[in-house]
Amino acid sequence: MNSLSIFNKNCVKIRLNHLRYYSKRRPELPKCDFNANNSKSRLGNFEIETIHKLNLNPCLKPWYQKPVLITQGYMQYVWDNENKRYLDMFGGVATTSVGHCHPKLVEATTKQLKKLWHTSSIYYNEEIHEYASNLANRLPEPLNNIFFCNSGSEANDIAILMARLYTKSYDIIALRNAYHGDSTSTQPLCGVQSWRFPLPLHFGIHHTTNPDPYSGRFGGSNCRDSIIQTTRQCDCEPGHCKAEDMYVEDLEQLFDSTLPKNVCAFIAESIQGVGGVVQFPKNFLKRAFEMVRQRNGVCIVDEVQTGFGRTGTHFWGFEGHGVIPDIVTMAKSIGNGFPLAAVATTASIAKTLTEASYFNTFGGNPLASCVGLNVLKIIDEENLQNNCHIIGSKLLTELENLRNKYPDIIGDVRGKGLMIGVELTSSAVSIQHKNIKERKPMIKADFDSILEDCRDMGLLIGRGGPKGNVFRVKPPMCINEEDITFTIDVLAKAFDLHNERSAKRRNKYL
Ligand SMILES: Cc1ncc(COP(=O)(O)O)c(C=O)c1O
């Protein structure tokens with residue numbers, strides 16, 4: 001039994017989807033001695049629903065049949081209006097990096113709040129200088145010039161502007177399945193259909209084949225820089241990836257057919273986020289960069305989701321690809337939820353912004369800089385990059401075990417550190433064809449039910465991918481082994497419930 005039923009006043013049986021009942025033991029959340037004494041919302045559920053419908057843009061669509069009203073957070077946990085605790089394995093879309101309301105960050109920011117918030121860049125303030133030098137020190141030479149802004153979209157807007165001014169070319173190559181933001185100049189870079197508006201957006205954007213070793217046309221069993229590979233077979237010699245060659249060939253064809261001799265830029269995430277945590281064949285970025293630079297273009301890496309140690313092995317995702325970009329954009333984890341973003345580049349590319357006046361009211365103001373600087377300090381002091389590596393690798397291994405246990409449900413497990421994707425397949429299709437290699441994406445209704453079950457058991461997890469069938473696991477970087485055990489227990493339980501539902505459906509039609 002996975003849901004309760006009641007009868008309404010007309011004696012019609014209705015299902016209480018958000019009240020699920022589990023016959024077996026529910027996984028238990030790890031102990032947490034934080035007292036969430038502030039979790040009662042000032043507004044009732046009805047008021048929230050009404051205001052949401054009347055006063056907020058309808059594009060703000062909460063997940064879950066009964067949206068979660070989050071009222072308090074502490075480190076990797078959040079509480080809802082009824083004081084129910086959840087493990088936050090999505091971190092507000094890979095954004096809560098050091099932990100919700102991290103005490104050291106709260107203390108430092110409170111001090112700054114009482115001292116100075118805002119000046120604008122027409123005066124000096126010490127905070128932006130200290131922060132810029134600290135951040136620049138974490139980037140490879142010659143990327144020592146920083147421009148601060150407020151969001152990832154804005155950072156990519158600025159990157160594109162600088163690239164066009166610097167190269168005096170216009171054409172930008174992006175990847176299908178990429179996501180770089182929702183401003184008018186980043187929307188056209190997006191390669192995920194559900195994010196495209198039917199408007200004539202920018203000219204000069206060209207999308208190449210997404211080098212996706214799991215769902216793409218080419219891929220095998222040793223393409224990715226991950227401890228987990230796809231279950232696709234291949235006959236590549238060690239150290240050589242044919243899939244990589246094929247994707248590079250596609251890109252070369254794009255250069256040689258529709259693009260002029262000189263291009264402006266190539267932009268990519270070092271691991272695609274919104275697109276479902278897609279990792280490219282190991283040398284793809286390196287070879288793409290070479291081709292772009294041969295055509296006098298610059299290489300932009302979007303580190304909005306992958307930066308700040310999340311991938312575990314490195315501070316920046318691009319380092320795992322063995323490349324140094326010309327421009328790096330960053331947001332999300334940079335501010336642990338505070339609106340802060342940045343563009344790092346070389347002195348000569350940065351200088352292009354002086355060709356006219358360029359101004360950003362809030363970017364890197366004293367308060368934002370204080371937050372950014374203290375996020376960096378905490379990442380160091382608490383060894384969070386290493387935690388991403390150790391805990392992320394354990395989680396990946398456990399998820400691979402789940403893939404072996406539920407081969408009809410999990411098609412792929414991928415990622416690095418705490419940037420993980422779990423792609424779900426449709427058991428209905430695999431049962432029909434008796435062949436899980438078909439790798440049909442799990443249908444939305446089934447995925448939604450699993451997501452709902454996870455939430456009921458106290459696990460918040462992300463979803464993404466072009467078909468919306470990928471779990472995105474990007475928690476605060478402070479999670480521990482107990483959180484992993486809980487996550488795996490919940491997922492296993494949710495998959496069992498899914499199998500029970502599928503079996504019931506099948507029996508109905510027999
Ligand atoms: C890789 C990437 N780039 C850019 C953005 C845009 O960032 P923002 O929503 O802060 O504008 C996002 C947001 O999800 C992202 O994932």
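Computed from a prediction, not measured in an experiment: that's the story for all the values here. (Residues numbered from 1 in each chain as written. Predicted model: local features only at pLDDT ≥ 70, side-chain atom pairs only at ≥ 80, totals over all residues. Heavy atoms only, no water.)

### A look at the sheet that holds strand S13 (residues 410-416)
Argument step 1. Here we have four strands laid out as an open sheet, ordered S13-S14-S17-S16, and antiparallel in their pairing. Here the strands that pair on one side only, and so sit at the sheet edges, are S13 and strand S16 (462-464). With direction set aside, neighbouring strand axes in the sheet form an average angle of 25°.
Argument step 2. Sheet analysis places S16 next to strand S17 (residues 470-473), joined by three bridges and oriented antiparallel. Each residue of the ladder has a partner; that of Gly464, found in S17, is Val470. (Pairing = 2+ DSSP bridges. Helix = DSSP H or I, 4+ residues; strand = E, 2+ residues; numbered from the N terminus. Axes fitted to C-alpha atoms, helices over the stretch in contact; angles between N-to-C directions.)

### Re the packing of helix H12 (residues 444-456) against helix H13 (residues 481-509)
Argument step 1. Their axes nearest at 9 Å, the elements H12 and H13 cross at an angle of 135°. Compared by their axis directions, H12 and H13 come out oblique. Crossing geometry of H12 relative to H13 is assigned as right-handed. Each of Asp446, Ser449, Ile450, Asp453 and Cys454 in H12 lies in contact with H13, whose residues at this interface are Val490, Leu491, Ala494, Phe495, Leu497, His498, Arg501 and Arg505.
Argument step 2. Broken down by class, the residue content of the contact of H12 with H13 amounts to seven nonpolar, two polar and four charged. (Parallel < 35°, antiparallel > 145°, perpendicular 65-115°, else oblique. Left-handed = near helix turned anticlockwise from the far one by under 90°. Contact = heavy atoms within 4.5 Å. Nonpolar A, V, L, I, M, F, W, Y, C, P; charged D, E, K, R; others polar.)

### What to know about the site of the ligand
Argument step 1. Near the ligand the following residues occur: Ser151, Gly152, Ser153, Asn156, Tyr179, His180, Gly181, Glu269, Asp302, Val304, Gln305 and Lys332.
Argument step 2. Within the side chain of Asp302, a nitrogen or oxygen atom sits 2.7 Å from a nitrogen atom of the ligand.
Argument step 3. Protein chains shield 83% of the accessible area of the ligand, which is 380 Å² for the free molecule.
Argument step 4. The element that contributes the greatest number of residues to the shell around the ligand is helix H5 (residues 152-167), accounting for three residues. (Near = heavy atom within 4 Å. Polar contact = N/O pair within 3.5 Å; in protein donor to acceptor, adjacent residues only side chain to side chain. Areas by Shrake-Rupley, 256 points an atom, 1.4 Å probe, with all protein chains shown as cover.)

### A look at the pattern of salt bridges
Argument step 1. Taken as a whole and assessed by the stated rule, the structure comprises 25 salt bridges.
Argument step 2. For Lys115, the salt bridge is made with Glu126, and the minimal N-O distance between the two is 3.1 Å. On the criterion of sequence distance, the pair formed by Lys115 in the loop between helix H3 (103-113) and helix H4 (126-136) and Glu126 in helix H4 is long-range, its members being eleven residues apart. When sorted by exposure, Lys115 lands in the same class as Glu126, which is exposed.
Argument step 3. Between Asp446 and Arg505 there is a salt bridge, and its shortest N-O distance comes to 3.3 Å. Pair noted here: Asp446 is in helix H12 and Arg505 is in helix H13, with a separation of 59 residues, a long-range link.
Argument step 4. The exposure class assigned to Asp446 is buried, which follows from its relative accessible area of 6%.
Argument step 5. By relative accessible area, Arg505 is classed as partly exposed at 35%.
Argument step 6. Through salt bridges with shared partners, a single network forms among Arg224, Glu400, Arg403, Asp412, Arg414 and Glu423. (Salt bridge = Lys/Arg side-chain N within 4 Å of Asp/Glu carboxyl O. Buried < 20%, exposed > 50% of the residue type's maximum accessible area, 1.4 Å probe, protein only.)

### Here we look at a nonpolar patch on the surface
Argument step 1. On the surface, Ile122, Tyr123 and Phe359 cluster together into a nonpolar patch covering about 380 Å² of accessible area.
Argument step 2. You can see Phe359 is positioned in the loop between helix H8 (347-350) and helix H9 (366-381). (Patch = residues over 30% accessible without salt bridge, like charges linked within 9 Å, V, L, I, M, F, W, Y side chains within 5 Å.)

### With respect to the layout of surface pockets
Argument step 1. Here the second largest pocket is characterised by a volume of approximately 570 Å³.
Argument step 2. Lining the second largest pocket we find 28 residues, and of these Ser121, Ile128, Ile146, Phe147 and Phe148 sit closest to its centre.
Argument step 3. Contributing elements (two or more residues each) for the lining of the second largest pocket: H4, strand S6 (145-149) and strand S12 (341-345).
Argument step 4. Broken down by element, the lining of the second largest pocket gets its largest block of residues, four residues, from S6.
Argument step 5. Grouping the constituent residues of the lining of the second largest pocket by class yields 14 nonpolar, 13 polar and one charged. (1 Å grid on protein atoms, 1.4 Å probe; cavity = no way out; pocket = protein on both sides within 12 Å on 5 of 7 lines; lining within 4 Å. Points joined across faces, edges and corners; volume = space filled by probe spheres on them.)

### Focus: the nonpolar core
Argument step 1. One finds Leu135, Phe266, Phe284, Met330, Leu424, Phe471 and Phe495 to be the most contacted residues of the largest nonpolar core, which totals 99 residues.
Argument step 2. Ranked by the residues each element gives to this core, the list is headed by H13, at eight residues.
Argument step 3. Composition of this core by domain shows at least three residues from each of domain 1 (4-94 + 384-509) and domain 2 (136-211 + 263-360 + 367-378).
Argument step 4. Not counting the four nearest positions on each side in its chain, Phe495 is found in contact with Leu402, Tyr406, Ile409, Ile410, Leu424, Ile450 and Phe471.
Argument step 5. Counting 23 residues, the second-largest nonpolar core is a separate cluster that includes Ile205, Ala265, Val304 and Leu353. (Core = buried A, V, L, I, M, F, W, Y, C linked by side-chain atoms within 4.5 Å. Domains from an automatic or database assignment.)

### Quick word on the packing of aromatic side chains
Argument step 1. Tallied over the full model, the rule gives 15 aromatic pairs.
Argument step 2. Seen from their ring centres, Phe34 and Trp79 are 5.5 Å apart, and the 50° between their planes marks the pair as tilted. Pair noted here: Phe34 is in the loop between strand S2 (13-16) and helix H1 (45-55) and Trp79 is in strand S4 (residues 77-80), with a separation of 45 residues, a long-range link.
Argument step 3. Judged by relative accessible area, Phe34 falls into the partly exposed class, the value being 27%.
Argument step 4. Using a relative accessible area of 5% as the deciding quantity, one classes Trp79 as buried.
Argument step 5. Ring centres of Phe147 and Tyr358 lie 5.5 Å apart, and the angle between their planes is 70°; on these two criteria the pair is classed as edge-to-face. In this pair, Phe147 is assigned in strand S6 and Tyr358 in the loop between H8 and H9, connecting sequence segments 211 residues apart.
Argument step 6. With relative accessibility at 34%, the residue Tyr358 sits in the partly exposed group. (Phe/Tyr/Trp six-rings, centres within 6.5 Å; stacked < 30°, edge-to-face > 60°.)

### Observations regarding the domain arrangement of the protein
Argument step 1. Segmenting the protein into domains produces domain 1 (4-94 + 384-509) and domain 2 (136-211 + 263-360 + 367-378).
Argument step 2. Domain 1 and domain 2 are separated by 30 Å when their C-alpha centres are compared.
Argument step 3. Each partner contributes to the interface: domain 1 provides 22 residues, whereas domain 2 provides 25 residues.
Argument step 4. Roughly 1900 Å² is buried in total at the junction of domain 1 and domain 2, and carbon and sulfur atoms are behind 55% of that figure.
Argument step 5. Area buried by domain 1 at its contact with domain 2 is led by Gln385, Lys416 and Met419, which between them contribute 35% of it.
Argument step 6. Here domain 1 is connected to domain 2 by zero salt bridges.
Argument step 7. Viewed at the interface, domain 2 and domain 1 are joined by 13 residue pairs in polar contact (both at pLDDT 80 or more).
Argument step 8. For the side of domain 1 that touches domain 2, the secondary structure elements donating two or more residues are helix H2 (91-94), helix H10 (384-405), S13, strand S14 (419-424) and S17.
Argument step 9. Considering every element that reaches the side of domain 1 that touches domain 2, the biggest residue donor is H10, with four residues.
Argument step 10. Here the residues of the side of domain 1 that touches domain 2 sort into eleven nonpolar, seven polar and four charged. (Buried area = accessible area lost by both parts, 1.4 Å probe.)

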